[in-house]
Amino acid sequence: DDVPSFQLSWFSAMINFSLSYCLSKQKRISLIPTRKEIHRTLILSGTISIINTALLFYGFQRASFSEGTVLYQISPAFIIILSMIFLGEKPYTLQLLYIFFCMAGVILIMKPPFLFPNTEYGPGIDQSERFIGNTAILLSVLLFSVGMIFSKKLANHGADPLFLVFNNNMISGIFTPVFM
């Protein structure tokens, strides 16, 4: 039987929470946010982390591991696009070329039924489950990329990266059981 994706998310969050707590104590990093203007962004970032991780585990339960791993590697392309939109960063020509090839690769890997209607995937492979799994992984990548943009904004306000890891996993640990 499959382990529910939210349960996997919770265990992942608890391991990361424990490790980031120990490291932050060792490095004497405060785990209490001192600036009120970042509270909302911290909560939003943690919520995105919950959904991101759950979608990732859900997707890998339905898609092939090899396809899902390749799809997950598109995250830098999404981060470049989002940083252009939300942070005002200017991409290099090479980055734009990279984005184009990544998107073309996603289409070739996912082989959406409306573009590739007669594709055979081998015995025992359910096309709809595969497509749903790959789509969940892509949504996870998009949310991961949004989380990176939030992390950049929070770091610009002085938040330590280890604090951000701790915060996201603390929120995941608290709220993920609601979905289990």
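Our structure's up above, just so we're on the same page.
This is a predicted model, so every value here is computed, not measured.

A short note on the pattern of salt bridges
In the structure shown here, the tally under the stated rule is two salt bridges. For Arg-62, the salt bridge goes to Glu-129, with nearest N and O atoms at 3.4 Å. Of the two residues, Arg-62 sits in helix 2 (residues 39-62) while Glu-129 sits in helix 6 (residues 127-156), which places them 67 residues apart along the sequence. Glu-129 gets classed as partly exposed once you look at its relative accessible area, which sits at 32%. We note a salt bridge from Arg-130 to Glu-67, for which the minimum N-O separation is 3.0 Å. Of this pair, Arg-130 sits in helix 6 while Glu-67 sits in helix 3 (residues 65-72), and the two are 63 residues apart along the sequence. Judged by its relative accessible area of 4%, Arg-130 is buried.

Quick notes on helix 6
The end-to-end C-alpha separation of helix 6 is 44 Å, in line with the 44 Å expected for 30 residues at 1.5 Å each. Within two residues after helix 6, Gly-158 carries a phi angle of roughly 95°, on the positive side.

Some thoughts on the packing of aromatic side chains
The geometry of an aromatic ring pair is captured by two quantities: the separation of the ring centres and the angle between the planes. In this structure the tally under the stated criterion is six aromatic pairs. Note on Phe-60 and Phe-65: the rings are 5.2 Å apart at their centroids and 40° apart in plane angle, and the pair reads as tilted. Relative accessible area serves as the criterion here: at 61%, Phe-65 is assigned to the exposed category. Summarising the aromatic geometry, the rings of Phe-100 and Phe-101 are spaced 5.4 Å apart at their centres and angled 70° between planes, so their arrangement reads as edge-to-face. On the accessibility criterion, Phe-100 (53% relative accessible area) is exposed. Here the aromatic residues Phe-17, Tyr-21 and Phe-166 are joined through ring pairs into a cluster of three or more.

Let's talk about the packing of helix 1 (residues 5-26) against helix 7 (residues 161-175)
The geometry of helix 1 relative to helix 7 is characterised by a closest axis approach of 8 Å and an angle of 145° between their N-to-C directions. When the axes of helix 1 and helix 7 are compared, the crossing they make is left-handed. Facing helix 1, whose interface residues are Trp-10, Ser-12, Ala-13, Met-14, Asn-16, Phe-17, Ser-20, Tyr-21, Leu-23 and Ser-24, helix 7 presents Leu-162, Val-165, Phe-166, Asn-169, Met-170, Ser-172 and Gly-173. Its residues assigned to classes, the contact of helix 1 with helix 7 comprises 10 nonpolar, seven polar and no charged.

Concerning the nonpolar core
Of all hydrophobic cores here, the largest spans 16 residues; its most connected members are Leu-71, Ile-74, Val-106, Ile-137 and Leu-138. At the level of secondary structure, the elements contributing two or more residues to this core comprise helix 3, helix 4 (75-86), helix 5 (93-110) and helix 6. Among the elements that line this core, the one with the most residues is helix 5, at five residues. What Ile-137 contacts, discounting residues up to four positions off in sequence, is Leu-55, Leu-56, Gly-59, Phe-60, Ala-63, Gly-68, Leu-71 and Tyr-72. Leu-31, Ile-38, Leu-42 and Leu-154 belong to the second largest nonpolar core, which has eight residues in total.

Points about helix 1
Given a rise of 1.5 Å per residue, 22 residues ought to cover 32 Å, and the 32 Å separating the end C-alpha atoms of helix 1 matches this to within 8%. Among all positions in helix 1, only Ser-5, Ser-9, Ala-13, Ser-20 and Ser-24 are buried. In an axial view of helix 1, the angular spread of the buried residues amounts to 60°, which keeps them on one side of the axis. Facing away from the buried side of helix 1 by more than 90 degrees, the exposed set consists of Ile-15, Leu-19 and Gln-26. Elements in contact with the buried residues of helix 1: helix 2 and helix 7. Taken from the residues just after helix 1, Arg-28 is the one with a positive phi, measuring 60°.

Criteria and thresholds
Residues numbered from 1 in each chain as written. Predicted model: local features only at pLDDT ≥ 70, side-chain atom pairs only at ≥ 80, totals over all residues. Heavy atoms only, no water. Salt bridge = Lys/Arg side-chain N within 4 Å of Asp/Glu carboxyl O. Helix = DSSP H or I, 4+ residues; strand = E, 2+ residues; numbered from the N terminus. Buried < 20%, exposed > 50% of the residue type's maximum accessible area, 1.4 Å probe, protein only. Expected span 1.5 Å × (residues − 1). Phe/Tyr/Trp six-rings, centres within 6.5 Å; stacked < 30°, edge-to-face > 60°. Axes fitted to C-alpha atoms, helices over the stretch in contact; angles between N-to-C directions. Left-handed = near helix turned anticlockwise from the far one by under 90°. Contact = heavy atoms within 4.5 Å. Nonpolar A, V, L, I, M, F, W, Y, C, P; charged D, E, K, R; others polar. Core = buried A, V, L, I, M, F, W, Y, C linked by side-chain atoms within 4.5 Å. Arc of directions from axis to C-beta.

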